Amino acid sequence: MLVLSVGSGMKKERIIEEIKRTASENGGGPLGQRTFTAATGITAASWLGRYWRNWSDALVEAGFEPNRPLEAHTDELLIQSMAKLTRQLRRFPTVADMRLERR
């Protein structure tokens, strides 16, 4: 992991370079904001309200499509999954059961 010094002198061009570099290392797709911060050490305080109003605007300026939010699962899928786990456990699952099943 590369961590940059991100004081008040972080330049817009440098952030754009890092967006492009990390996207290249990610198979061509830009990272989400949290993952980008973890990979580079560049926090939202370095750019939010200074160069862009949100992460999507930064991605667009770097030449990428903005990341789309994940789509929610349908109610039908959730009910089917709950029924399957209930049958498997032979009781109604707890939150801990669901977490264990997810892993």
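So, how was this worked out
Residues numbered from 1 in each chain as written. Predicted model: local features only at pLDDT ≥ 70, side-chain atom pairs only at ≥ 80, totals over all residues. Heavy atoms only, no water. Helix = DSSP H or I, 4+ residues; strand = E, 2+ residues; numbered from the N terminus. Rg over C-alpha atoms; globule rule 2.2 N^0.38 Å. Buried < 20%, exposed > 50% of the residue type's maximum accessible area, 1.4 Å probe, protein only. Axes fitted to C-alpha atoms, helices over the stretch in contact; angles between N-to-C directions. Parallel < 35°, antiparallel > 145°, perpendicular 65-115°, else oblique. Contact = heavy atoms within 4.5 Å. Nonpolar A, V, L, I, M, F, W, Y, C, P; charged D, E, K, R; others polar. Core = buried A, V, L, I, M, F, W, Y, C linked by side-chain atoms within 4.5 Å. Salt bridge = Lys/Arg side-chain N within 4 Å of Asp/Glu carboxyl O. pLDDT = per-residue confidence, 0-100.

Asks: Teacher, can you tell me more about the overall build of the protein here?
Replies: Scanning the protein from N- to C-terminus turns up 5 helices and 0 strands. When the helices and strands of the protein are listed from N to C terminus, the series reads α-α-α-α-α. Computed over its C-alpha atoms, the radius of gyration of the protein comes to 20 Å, more than 25% above the 13 Å expected for a compact globule of 103 residues. With 103 residues in all, the protein has 25% of them scored as buried.

Asks: I keep staring at the packing of helix α4 (residues 75-89) against helix α5 (residues 95-102) and nothing clicks. Help me out?
Replies: When two helices pack together, their arrangement is given by the angle between the helix axes and by the axis-to-axis distance. Their axes nearest at 12 Å, the elements α4 and α5 cross at an angle of 100°. By the angle class used here, α4 and α5 are roughly perpendicular. Contact with α4, carried on its side by M82, L85, Q88 and L89, involves D97, M98 and E101 of α5 and no other residues of that element. Per-class residue counts for the contact of α4 with α5 are 4 nonpolar, 1 polar and 2 charged.

Asks: Explanation requested: the nonpolar core in the structure shown.
Replies: The tendency in soluble globular proteins is for nonpolar side chains to be buried as a group. If you look at the biggest cluster of nonpolar residues, it comprises 16 residues, and the most contacted ones within it are I15, I19, F36, W47 and W55. Elements with a minimum of two residues in this core: α1 (12-25) and α3 (55-61). With 4 residues, α1 is the single largest residue contributor to this core. Apart from residues lying up to four places away in sequence, W47 is in contact with I15, Q33, I42, W52, N54 and W55.

Asks: In this structure, what is going on with the pattern of salt bridges? I would like to understand it.
Replies: Once the charged atoms of two side chains with opposite charge are near each other, the side chains can pair. Under the definition given, this model contains 6 salt bridges. Measuring nitrogen to oxygen at the nearest pair gives 3.3 Å for the salt bridge that ties E17 to R14. Of this pair, E17 and R14 are both found in helix α1, 3 residues apart, which corresponds to roughly one turn of the helix. Under the relative-accessibility criterion, R14 is labelled partly exposed at 32%. Residues joined in a network through salt bridges with shared partners are R14, E17, E18, R21 and E25.

Asks: Just to check I follow, could you spell out unusual backbone geometry for this structure?
Replies: Most of the time, phi is negative for any residue but glycine, and the peptide bond is trans. One non-glycine residue, R90, lies in the positive phi region at around 65°. Its relative accessible area of 79% is what places R90 among the exposed residues.

Asks: Mind showing me how you'd approach the confidence of the model for the protein here?
Replies: Note that predicted coordinates carrying low pLDDT should not be read in detail. Of all residues in the protein, 91% attain a pLDDT of 70 or more, and the chain-wide mean is 90. Put simply, α5 is where the protein has its lowest mean pLDDT, 93, and α1 is where it has its highest, 97. Taken together, the stretch residues 3-7 has pLDDT below 50 and engages in 11 contacts with residues farther than four places along the chain or on a different chain.

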